[in-house]
Amino acid sequence: MRSKTSLTQKILIGLILGVFFGIILSKLPSGFIKDTIIINGILRLVGGIFINSIKMLVVPLVFVSLVVGASSIGDINKLGRVGVKTIAFYLITTCIAITLALIVANIIDPGIGLDLSNVIKKEPTIGTAKSFVDVVIDMVPINPIASLANGTMLQIIVFALLTGVTMALIREKAQPVIDIFNSLNEIMMKMVMIIMLIAPYGVFALITNTFATVGFKAMGPLLKYMAAVIITLIIHAGLTYMGILAGLGKLNPIQFLKNFAPAMSVAFSTASSNGTLPVTIETMEQRCGVSKNIASFTLPLGATINMDGTAIMQGIAVVFISQVYGIDLSLQAFLTVILTATLASVGTAGVPGVGLITLSMVLQSVGLPVEGIALIMGIDRLLDMCRTVVNITGDAVCTIVVSKSEGEFDKEVYYAKNE
């Protein structure tokens with residue numbers, strides 16, 4: 001426990017020092033030392049190595065852990081129960097998130113009184129979002145090997161679940177393969193622990209680079225928009241998630257926050273649910289007392305389809321852009337936003353910045369100009385970091401509630417002292 005505590009403290013120290021050092025750098029004039037040596041040299045090198053190291057593990061970890069999780073549950077009926085509970089949790093909380101976002105945005109009115117017409121120079125280059133029907137069709141991979149090579153997460157999840165379920169159905173004949181996947185899973189977990197040794201330095205580099213390049217002056221005109229997003233994220237995490245944890249889970253939310261702090265720190269610095277997945281799985285099993293069988297199923301699934309933080313951003317952005325353009329939205333339009341943002345979250349990959357792509361689909365669903373995305377692109381990285389923390393928190397709470405309902409939760413581990 002001492003080594004894990006030490007790592008958590010180092011990550012938090014890296015976060016704090018990164019913020020202060022980044023603010024100092026943002027105040028310094030541009031020059032060879034600041035731009036080339038520090039920002040594009042040392043910080044980019046350290047942060048890039050850390051990000052790539054985590055990304056390296058994502059595809060094999062998701063595939064192996066889901067296969068192990070689906071095959072180890074054994075009882076297909078139980079697998080069905082866990083799947084229904086998990087997906088229902090994710091969809092319901094996403095609806096709650098987008099609803100809260102629309103309510104808060106209409107109270108704060110982030111776009112009222114803001115003259116940002118000079119910011120809109122041209123339509124930003126945004127990838128075209130797929131329709132929900134296409135997303136569902138594309139979930140079934142034509143070439144599973146290509147899906148693994150390209151990192152197409154939804155296709156990987158479907159193929160991994162099908163593989164695991166099939167192995168569970170023919171357990172005796174598949175036992176040698178099951179043993180291989182269990183060994184691979186242990187290898188992946190050990191690799192996570194090795195890579196996490198550089199986490200404090202990677203977090204420091206990423207946070208420093210963010211604050212050094214963005215600074216605070218760029219946030220001035222969009223302060224109300226940022227406040228609306230952050231306030232809603234806090235409300236959703238504090239009331240919805242912690243309320244579910246205390247109500248359904250009968251567990252202390254404060255203890256959860258202490259246990260889950262390492263994963264939150266990495267999520268904030270990387271702005272990637274998929275990138276944080278290795279740390280999330282380890283933290284949930286080692287510090288929160290969740291069953292490996294449940295965690296290896298719910299967490300990879302949540303990293304792909306549970307994007308409550310992204311849905312909140314989209315809801316606030318819709319109101320903000322509509323107010324800036326002077327376009328009134330009806331109740332029917334708001335209901336359309338809730339439905340579209342919820343469905344869009346299913347196809348949202350857990351990587352930095354992808355929320356802006358699905359936002360274009362939400363804007364088009366209610367007739368708002370897509371070029372309005374240009375208004376928020378400059379500050380989205382910082383908000384992306386915040387909403388990623390909310391995304392993985394939802395994954396974690398769902399995993400705990402489902403694990404507890406299936407009788408596969410260790411309360412002693414959850415309440416063990418991790419300070």
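Keep in mind it's a predicted model, so treat the numbers as computed, not measured.

### Thoughts on the pattern of salt bridges
Then step 1. Going through the model one piece at a time under the given rule, you end up with four salt bridges.
Then step 2. The partner of Arg387 in a salt bridge is Asp384, and the shortest N-O contact between them spans 3.4 Å. With a gap of three residues between them, Arg387 and Asp384 both fall in helix H16 (residues 380-405), about one helical turn apart.
Then step 3. Of the residues examined, Arg387 reaches a relative accessible area of 1% and is grouped as buried.
Then step 4. Put simply, Arg81, Lys85 and Glu406 are held in one network by salt bridges that share partners.

### Remarks on the environment of Val266
Then step 1. Mapped onto the secondary structure, Val266 falls in helix H10 (residues 253-270).
Then step 2. Residues in contact with Val266, not counting those within four places in the same chain, are Ile11, Phe50, Ile54, Met196, Thr276 and Val279.

### Focus on H10
Then step 1. In this model H10 runs 24 Å from its N-terminal to its C-terminal C-alpha over 18 residues, within 8% of the 26 Å that 1.5 Å per residue would give.
Then step 2. Taking the largest bend as the criterion, H10 deviates by roughly 55 degrees, centred on Ala261, and proline Pro262 comes between one and four positions later.
Then step 3. For H10, the tally of buried residues reaches 14 of 18 residues, placing the bulk of the element in the interior.
Then step 4. The N-cap of H10, judged by a side-chain oxygen 2.9 Å from the amide nitrogen of Ile254 a few residues on, is Asn252.
Then step 5. Ala271, located one to two residues past H10, shows a positive phi value of around 55 degrees.

### Brief notes about unusual backbone geometry
Then step 1. For Asp109, which is not glycine, the phi dihedral falls at a positive 50 degrees.
Then step 2. Residue classification places Asp109 among the partly exposed residues on the basis of a relative accessible area of 25%.
Then step 3. The phi dihedral of Lys250 falls on the positive side, at around 55 degrees, and the residue is not glycine.
Then step 4. Along the chain, the position of Lys250 falls in the loop between helix H9 (223-247) and H10.
Then step 5. Given a relative accessible area of 61%, Lys250 falls into the exposed group.

### Looking at the UniProt feature "transmembrane region" (unreviewed entry) in the protein chain
Then step 1. The feature "transmembrane region" (unreviewed entry), as annotated in UniProt, sits at residues 12-33, 45-68, 88-108, 148-170, 191-213, 225-248 and 357-379 in this numbering.
Then step 2. Between the end C-alpha atoms of residues 225-248 the distance is 33 Å, and the span holds 96% helix and 0% strand.

### So, the packing of aromatic side chains
Then step 1. With the rule as written, the count across this model stands at eight aromatic pairs.
Then step 2. Measuring from centroid to centroid gives 5.9 Å for Phe63 and Phe159, while their planes differ by 10 degrees, and the two rings are stacked. Remark: Phe159 occurs in helix H6 (residues 153-169) and Phe63 occurs in helix H2 (residues 32-73); sequence separation between them is 96 residues.
Then step 3. Since its relative accessible area comes to 12%, Phe63 is described here as buried.
Then step 4. Given the relative accessible area of 27%, Phe159 is considered partly exposed.

Rules of the game
- Residues numbered from 1 in each chain as written.
- Predicted model: local features only at pLDDT ≥ 70, side-chain atom pairs only at ≥ 80, totals over all residues.
- Heavy atoms only, no water.
- Salt bridge = Lys/Arg side-chain N within 4 Å of Asp/Glu carboxyl O.
- Helix = DSSP H or I, 4+ residues; strand = E, 2+ residues; numbered from the N terminus.
- Buried < 20%, exposed > 50% of the residue type's maximum accessible area, 1.4 Å probe, protein only.
- Contact = heavy atoms within 4.5 Å.
- Expected span 1.5 Å × (residues − 1).
- Bend = angle between axes of the 7 residues up to and from the residue.
- Polar contact = N/O pair within 3.5 Å; in protein donor to acceptor, adjacent residues only side chain to side chain.
- UniProt positions renumbered as here; feature names shortened; annotations may be inferred.
- Phe/Tyr/Trp six-rings, centres within 6.5 Å; stacked < 30°, edge-to-face > 60°.

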